[in-house]
Amino acid sequence: MSDVLSFGNESFNNLAFYSGLVLCKTVLMGPLTSVFRIKNKVFSNPEDVARFAPGKSINTNDDMVERIRRCHQNDLENVVPFTLIGLFYVSAEPDPDIALRIFRIFAASRMLHTVAYLVPLPQPARAACYFAGVGATGLMAFFLFARLTFFK
Amino acid sequence: MSDVLSFGNESFNNLAFYSGLVLCKTVLMGPLTSVFRIKNKVFSNPEDVARFAPGKSINTNDDMVERIRRCHQNDLENVVPFTLIGLFYVSAEPDPDIALRIFRIFAASRMLHTVAYLVPLPQPARAACYFAGVGATGLMAFFLFARLTFFK
Amino acid sequence: MSDVLSFGNESFNNLAFYSGLVLCKTVLMGPLTSVFRIKNKVFSNPEDVARFAPGKSINTNDDMVERIRRCHQNDLENVVPFTLIGLFYVSAEPDPDIALRIFRIFAASRMLHTVAYLVPLPQPARAACYFAGVGATGLMAFFLFARLTFFK
């Protein structure tokens, strides 16, 4: 019998793949912010202005930069709890097919959320993606607490 | 002998329960923000205004929405490091009673922090909850580093 | 044979140490913010002003407080994904020497990033630290996906 938190557990394996994917997307929002900061010459610190846009002043109100930052923040608020609850959830050795479906719905919802935020698509596209992600996390939490309650 | 990161380890079990609880609370700050955005017609994106409050303008200064957002941010800053350090801490197989006490103090401090922030209660109520949470995380980190140092 | 996510796995051990270190630094940005809020009498909530700086008004624009907050935010955006991808990465039982080198580069880059942000050092010092950290996380993600692909 193999460990529950190892690649011997199919659901752990799938969590690593789908969480890894959305975590990488989340991290890449940082360099994307940098690209638009440099392109639009929009910086929050005097030392950044001095180096990358001499003569410009501090600007914390650029539409595109703030939009990427809000998208990044929404990722942190959702992708990180998903991964953490996901680790506890896969420890409970859930049905691998249900788990895989939940991970896929979450990963797809976050990818589409980013598209909806950055294009931007008309609402309620982004809201639907957001709530699909929250629902996927909620489902895992429900299974986790059900397991913890039976177990005790 | 069972794995350290599995439900065979009582402290992992308890971490899953208490971390799961505060992580769910953290995720639910998102929909709570949505409720107040819709109620107060306060949105940060033109596409949100167009769909949910036609004729209104962008507003990033609503008192209640910003209060919930600050509370949400404080959760991210504390609940996530707690859970991550907690995972390493339970791997070190701490005394289960001490671990349980730390988890309960943390979870209670974060629930009360939210109450203190949203009511709002007079200070230093919120500050006390905040520092209780930081202390719980610090205790785990202390035990973890003690273990890693002896182990090496 | 010991579990992959346990102190029997040398890379897990090292991740616990270096992640634990930068996570503690991240958590400590909170109390550092408090110190400068009290010193500069800069608060975001009416109940904070009432208790800690009676007669003052709300202020969300203090240079030093906002600088620490941006640094804290950058930590959350990078240290947390690093630790999560790191957990999946060490599950794949990477070469311990390569893993250790990646963890050290990441931890050093985040410590220097904080110094560069708070002193502040002239750019591109902070940008270089930031991208070193992103690179370390990217390397782990690369190894993880390579492993997951071969494994499937």
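Definitions and limits used
- Residues numbered from 1 in each chain as written.
- Chains lettered and ligands numbered in written order.
- Predicted model: local features only at pLDDT ≥ 70, side-chain atom pairs only at ≥ 80, totals over all residues.
- Helix = DSSP H or I, 4+ residues; strand = E, 2+ residues; numbered from the N terminus.
- Rg over C-alpha atoms; globule rule 2.2 N^0.38 Å.
- Buried ≥ 20, exposed ≤ 12 C-beta atoms within 10 Å, placed from the backbone.
- Contact = placed C-beta atoms within 7 Å.
- Least-squares fit on C-alpha atoms with pLDDT ≥ 70 in both.
- Core = buried A, V, L, I, M, F, W, Y, C linked by C-beta atoms within 7 Å.
- Expected span 1.5 Å × (residues − 1).
- Nonpolar A, V, L, I, M, F, W, Y, C, P; charged D, E, K, R; others polar.
- Axes fitted to C-alpha atoms, helices over the stretch in contact; angles between N-to-C directions.
- Parallel < 35°, antiparallel > 145°, perpendicular 65-115°, else oblique.
- pLDDT = per-residue confidence, 0-100.

Asker: Explanation requested: the overall build of chain A in the structure shown.
Answerer: Broken down by element type, chain A carries five helices and zero strands. Ordering the α and β elements of chain A from the N terminus gives α-α-α-α-α. Expected size for 152 residues packed as a compact globule is a radius of gyration near 15 Å; at 19 Å, chain A overshoots this value by more than 25%. With respect to the three principal axes, the spread of C-alpha positions in chain A is 65 × 35 × 25 Å. For chain A, with 152 residues in total, the buried portion stands at 45%. The contacts of chain A with a sequence gap of at least 6 include a subset with a gap of at least 24, amounting to 69%.

Asker: Can you help me understand unusual backbone geometry in this one?
Answerer: What is expected of a backbone is that most residues other than glycine have negative phi and most peptide bonds are trans. The omega torsion of the bond from A:Gln123 to A:Pro124 falls at 10 degrees, within 30 degrees of zero and hence cis. Mapping A:Pro124 onto the fold places it in the loop between helix H4 (96-118) and helix H5 (125-151). Even without a glycine there, the phi angle at A:Lys41 is positive, about 50 degrees. Within the secondary structure, A:Lys41 is located in the loop between helix H1 (10-40) and helix H2 (46-52). Non-glycine residue B:Glu93 carries a positive phi angle of around 45 degrees. By secondary structure assignment, the location of B:Glu93 is in the loop between helix H3 (63-91) and helix H4 (96-118).

Asker: Help me understand the relation of the copies chain C and chain A in this model?
Answerer: Note on the chain copies: they are related by a rotation about an axis and a translation along it. The transformation that overlays chain C on chain A combines an axial shift of 0.0 Å with a rotation of 120 degrees, and the residual RMSD is 0.0 Å. Put plainly, the chains are arranged around a three-fold axis. Of the residues that chain C buries at the interface, just 16% are likewise interface residues in chain A, meaning the two copies contact each other through different surfaces.

Asker: I would appreciate a short explanation of the nonpolar core in the present structure.
Answerer: Looking at soluble globular proteins, one finds that nonpolar side chains tend to be buried together. A:Ile85, A:Leu144, B:Ile85, B:Leu144, C:Ile85 and C:Leu144 are the most contacted members of the largest nonpolar core, which has 119 residues in total. Residues contacting C:Ile85, with those up to four places away along its chain left out, are A:Gly20, A:Leu23, C:Thr137, C:Met140, C:Ala141 and C:Leu144.

Asker: Hey, could you run me through H4(A) in this one?
Answerer: Residues lying three or four places apart along an α-helix face the same way, a consequence of the helix completing one turn every 3.6 residues. Taking 1.5 Å as the rise per residue, H4(A) with 23 residues should run 33 Å; its terminal C-alpha atoms sit 33 Å apart, in good agreement. Residues of H4(A) that are buried: A:Ala99, A:Ile102, A:Phe103, A:Phe106, A:Ala107, A:Ser109, A:Arg110, A:His113, A:Thr114, A:Ala116 and A:Tyr117.

Asker: Sorry if this is basic, but what is going on with the interface of chain A and chain B here?
Answerer: Many structure descriptions define interface size as the accessible area lost when the parts assemble. Listed by partner, the interface residues are 25 residues for chain A and 25 residues for chain B. Taken together, the elements giving at least two residues each to the side of chain A that touches chain B come down to helix H3 (63-91) and H5 of chain A. Looking at the side of chain A that touches chain B element by element, the count peaks at 10 residues for H3(A). For the side of chain A that touches chain B, a count of residues per class yields 18 nonpolar, four polar and three charged.

Asker: Which parts of the structure should I look at to understand the interface of chain C and chain A?
Answerer: Contacts between the two partners involve 25 residues from chain C, matched on the other side by 26 residues from chain A. Secondary structure elements with two or more residues in the side of chain C that touches chain A: helix H3 (63-91) and helix H5 (125-151) of chain C. By residue class, the composition of the side of chain C that touches chain A is 18 nonpolar, four polar and three charged.

Asker: Please explain the relation of the copies chain A and chain B as it appears in this structure.
Answerer: Between chain A and chain B, the superposition needs a rotation of 120 degrees and an axial shift of 0.0 Å, giving an RMSD of 0.0 Å. When the interface residues of chain A are mapped onto chain B, a mere 16% of them again fall at the interface, so the copies present different faces.

Asker: Teacher, can you tell me more about the packing of H3(A) against H4(A) here?
Answerer: The description of two packed helices rests on the angle between their axes and on the distance between the axes. Residues and elements named next belong to chain A. Where H3 contacts H4, the axes come no closer than 10 Å and their chain directions differ by 175 degrees. As the angle between them shows, H3 and H4 are arranged roughly antiparallel. Within the contact between the two elements, H3 uses Arg 67, Cys 71, Asp 75, Asn 78, Val 79, Phe 82 and Val 90 and H4 uses Ala 99, Phe 106, Arg 110, Thr 114, Tyr 117 and Leu 118. Class assignment for the residues of the contact of H3 with H4 results in eight nonpolar, two polar and three charged.

Asker: Quick question: what am I supposed to make of the confidence of the model for chain A here?
Answerer: Should the pLDDT be low somewhere, the predicted coordinates at that spot are not to be read in detail. For chain A, per-residue confidence averages 93 on the pLDDT scale, and 97% of positions sit at 70 or higher. Note on the complex model: pTM 0.95, ipTM 0.94.

Asker: Whenever I open this one, the environment of C:Ile68 confuses me. Can you help?
Answerer: All names here are of chain C. Mapping Ile 68 onto the fold places it in helix H3. Ile 68 sits 35 residues away from Thr 33 along the chain, and the two C-alpha atoms are 6.3 Å apart. Excluding anything up to four places from it in sequence, Ile 68 contacts Met 29, Leu 32, Thr 33 and Phe 36.

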